[in-house]
Amino acid sequence: MKAPFTLKFLGAARYVTGSCYLLTIGKKRVLLDCGMVQGDDQVKEWHRYKFPFKPESIDLVIISHAHIDHCGLLPLLVASGYKGPILCTNGTRKLLPVLLKDSVFLYLKDLEWKNKRLKRRGKPPMPSVMSEKDVDRVMELADGLPYGKHKAPIPGLELMFSDAGHILGSAIVQLWIKQGQSARHLVFSGDLGNPDTVLMNDPTPVEQADIVLMEGTYGNRDHRPLDDTLEEFAQVLESAFKAGGNVFIPAFALGRTQEILYFLGQLYHQGRLKQQLVFLDSPMAQSITSIYNDNLQRLNRDDTQEMYNQNAGDFESFLPILRMTETVEESMAINRVTQGAIIIAGSGMCNGGRITHHLKHNLWRSQNHLIFVGFQARGTLGRRLVDGATTVKLFGQDIAVKAQVHTLGGFSAHAGQAELLAWAKGIAGQPRFFLVHGEPEALEALQAKLQEEGISAEIPEKGYVAEL
Ligand SMILES: [Zn+2]
Ligand SMILES: [Zn+2]
């Protein structure tokens, strides 16, 4: 007899990015996440990508959160014929257009540049596989749901989002699926937050499940205590001020930037921040920060309360020395400030964006400091700098790296090993565990730790189909 339910692992299986799983409930097909694989050449990634299913054959898409490795393929999915509903939380629905528009914009810019080169070689241009209109179509299909509310979008499926505490709007997806006499409770963890961080709630505990699809990004290690990292951050800022230069922070626009603004605000109110100017030099990060501003009140936390105690209901008033630079001219004008400023600019791994211009103008000055506050993937400029490169190539020029480079590894929006274990152990019903969204080493370490607790977990390969 055919299994009433199957789950196919299409992405983020023994890997971190490209989160995507296909659930079948009888004849119905549901996509959990539709994420992009993040590589260096996005045009190449987009053009060679083929969905391993017919987009029009999908009945429903559910998105766990707005990070591009979980939702980035949505424009391509609608450009390829998907017309059904897209369900996510209200927070994710607000963030989606900002993230997707930025990613499509960067793709079209790179494509234009590639086509210019093809033209010079006498070759025909490559047609674009999607446009900004596809983002508008995604938003027409997208429906937001508050946490904790049940919805039955298609026959045989009921769902509810619980707060994953990872970024604004991030969800643990709980699904109750039914087919004939069979019923299962499937829980997809999404990305689980780090309870030790600010602004977000702790991941919601799940009481019971039959099947758990769980992330294991940090399955092999625990994070350093946040207080130690913050102390180091404060010390680097102080020594940078004494050295008479500027501080550059390549930052990820969604989540990490808002945390850094919060920490800077704390130091400012403690009287420990010597710098008198902070620039947020990223239009995307500014849009996201204003969405965070609108939603902070909903979080009943000590840290957001601290902001309100300072009579500051938003990041701009919590950190009054914050300047938002919108235009390219304003961004270029920052170059005239040679000391006493902190410049936060994207992209987080320095593989594009305004930070690359700042690095060109500032890396060669020894009084400057560069602080990495997030993961740097292999093959990116950020990784080369973290690994100690003495010169780097920027805009065709060799630039000496004289600035001091610091890596603060303690900021993380993901649960560490201990928190992952505690979350898994709290789920009653002896569920079947699948570990995803992690490098093989991380997932295997988590699997071994779970085994010690009497929980056996599988690590599916990409393409594997589990019968539930
Ligand atoms: Zn994420
Ligand atoms: Zn992720």
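Residues numbered from 1 in each chain as written. Chains lettered and ligands numbered in written order. Predicted model: local features only at pLDDT ≥ 70, side-chain atom pairs only at ≥ 80, totals over all residues.

**Q** Describe the overall build of the chain, listing the residues and the values that go with them.
**A** Scanning the chain from terminus to terminus reveals 15 helices and 22 strands. A compact globule built from 468 residues should have a C-alpha radius of gyration of about 23 Å, and the chain, at 23 Å, falls within 12% of that. Along the longest, intermediate and shortest principal axes, the C-alpha atoms of the chain span 70 × 60 × 40 Å. Burial status across the chain gives 46% buried among its 468 residues. Across the chain, contacts joining residues at least 24 apart in sequence account for 76% of those joining residues at least 6 apart. (Helix = DSSP H or I, 4+ residues; strand = E, 2+ residues; numbered from the N terminus. Rg over C-alpha atoms; globule rule 2.2 N^0.38 Å. Buried ≥ 20, exposed ≤ 12 C-beta atoms within 10 Å, placed from the backbone. Contact = placed C-beta atoms within 7 Å.)

**Q** Got a sec to walk through the sheet that holds strand β21 (residues 457-458)? Specific residues and values, please.
**A** One open sheet accounts for seven strands, arranged β7-β8-β9-β10-β11-β20-β21; its pairing is mixed. In this open sheet, the two edge strands, each paired with only one partner strand, are β7 (151-154) and β21. Pairing of strand β9 (residues 171-179) with strand β10 (residues 182-188), which is carried by seven bridges, proceeds in the antiparallel orientation. Considered in β10, the bridge of Gln 174 is made with Val 187. Sheet strands in contact with helix α15 (residues 440-452) are β20 (432-436) and β21, and its direction is about 155° off that of β20. (Pairing = 2+ DSSP bridges. Axes fitted to C-alpha atoms, helices over the stretch in contact; angles between N-to-C directions.)

**Q** Give a description of the environment of Glu 238 that names residues and reports values.
**A** Residue placement: Glu 238 occurs in helix α6 (residues 226-243). With 35 residues separating them in the primary sequence, Glu 238 and Leu 273 have C-alpha atoms 7.4 Å apart.

**Q** Give me the sheet that holds strand β5 (residues 86-89): which residues, what numbers.
**A** Within a sheet, neighbouring strands are paired by backbone hydrogen bonds and run either parallel or antiparallel to one another. Spatial ordering of the open sheet is given by β6-β5-β4-β3-β2-β1-β22, a layout of seven strands whose pairing is mixed. Every other strand in the sheet has two partners, leaving β6 (142-145) and β22 (465-467) as the edge strands with one partner each. Neighbour-to-neighbour, the strand axes of this sheet turn through a mean angle of 25°, independent of strand direction. In terms of strand pairing, strand β1 (residues 5-11) meets strand β2 (residues 20-25) through six bridges, oriented antiparallel. Paired with Lys 8 across the two strands is Leu 22, which belongs to β2. Where helix α4 (residues 90-120) meets the sheet, it contacts β5 and β6, and its direction lies at approximately 110° from that of β5.

**Q** An account of the domain arrangement of the chain is requested, with residue identities and associated values reported.
**A** Considered domain by domain, the chain is made up of domain 1 (5-221 + 413-467) and domain 2 (226-407). Each of domain 1 and domain 2 has a C-alpha centre, and these two points are 29 Å apart. Broken down by class, the residue content of the side of domain 1 that touches domain 2 amounts to 10 nonpolar, four polar and four charged. (Domains from an automatic or database assignment. Nonpolar A, V, L, I, M, F, W, Y, C, P; charged D, E, K, R; others polar.)

**Q** How would you summarise the nonpolar core if you had to cite specific residues and measurements?
**A** Grouped together as the largest cluster of nonpolar side chains are 134 residues, with contacts concentrated most on Cys 34, Leu 74, Val 173, Ile 249, Ile 344 and Leu 435. Top contributing element to this core by residue count: α4, with seven residues. Of the domains in this structure, domain 1 (5-221 + 413-467) and domain 2 (226-407) are the two that each give at least three residues to this core. Sequence-distant contacts of Val 173, defined by excluding residues within four places in its chain, comprise Leu 32, Ile 62, Ser 64, Leu 159, Phe 161, Phe 188 and Gly 190. (Core = buried A, V, L, I, M, F, W, Y, C linked by C-beta atoms within 7 Å.)

**Q** With reference to specific residues and values, describe unusual backbone geometry.
**A** The omega torsion across Gly 346 and Ser 347 is 5°, close enough to zero to call that bond cis. In the Ramachandran plot, His 437 falls in the positive-phi region, its phi being about 55° despite a non-glycine side chain. With respect to the secondary-structure elements, His 437 resides in the loop between β20 and α15.

**Q** Quick one: what's the story with the environment of Gly 265, residue by residue and with numbers?
**A** As for its placement among the helices and strands, Gly 265 is situated in helix α7 (residues 256-269). We classify Gly 265 as buried; it has 25 C-beta atoms within 10 Å. Between the C-alpha atom of Gly 265 and that of Gln 417, which follows or precedes it by 152 residues, the distance is 29 Å. If we ignore the near neighbours within four places in the chain, the residues touching Gly 265 are Phe 318 and Leu 319.

**Q** Could you give an account of the pairing of β5, with specific residues and numbers?
**A** Examined bridge by bridge, strand β4 (residues 60-62) and β5 share two bridges and lie parallel to one another. Counterpart to Ile 62 in the pairing with β5 is Leu 87. Relative to β6, β5 runs parallel, the two being bridged by four bridges. Residue pairing in the sheet places Thr 89 in a bridge with Leu 145 of β6.

**Q** Please give an account of helix α8 (residues 283-295) that cites residues and values.
**A** The end-to-end C-alpha distance of α8, which contains 13 residues, comes to 19 Å, matching closely the 18 Å that a straight helix rising 1.5 Å per residue would cover. Packing partners of the buried residues in α8 comprise α4, α7, β13 (277-281) and α10 (315-318). (Expected span 1.5 Å × (residues − 1).)

**Q** Can you explain helix α5 (residues 132-141)? Please cite residues and give values.
**A** Looking only at α5, the buried set comprises Asp 134, Val 135 and Val 138. Viewed along the axis of α5, the buried residues span an arc of 105°, placing them on a single side of the element. In α5, those exposed residues whose orientation departs by more than 90 degrees from the buried face are Lys 133 and Glu 140. Turning to α5, the residues buried within the fold contact α3 (74-79), β5, α4 and β6. (Arc of directions from axis to C-beta.)

**Q** Can you tell me about the packing of α4 against α8, naming the residues and giving the values?
**A** Between α4 and α8, whose axes approach to 10 Å, the crossing angle comes to 175°. With respect to each other, α4 and α8 are oriented roughly antiparallel. Residues Gly 91, Lys 94, Leu 95, Val 98 and Asp 102 of α4 form the contact with α8, whose participating residues are Met 284, Ser 287, Ile 288, Ile 291 and Asn 295. Looking at the contact of α4 with α8, its residues break down into five nonpolar, three polar and two charged. (Parallel < 35°, antiparallel > 145°, perpendicular 65-115°, else oblique.)

**Q** Which residues make up the packing of helix α14 (residues 417-425) against α15, and what values do they have?
**A** Packing of α14 against α15 brings their axes to within 11 Å, and their N-to-C directions diverge by 50°. Classed by the angle they form, the pair α14 and α15 counts as oblique. In this structure, α14 crosses over α15, and the sense of that crossing is right-handed. Contacts between α14 and α15 involve Gln 417, Leu 420, Leu 421 and Ala 424 on the former and, on the latter, Leu 446, Lys 449 and Leu 450. (Left-handed = near helix turned anticlockwise from the far one by under 90°.)

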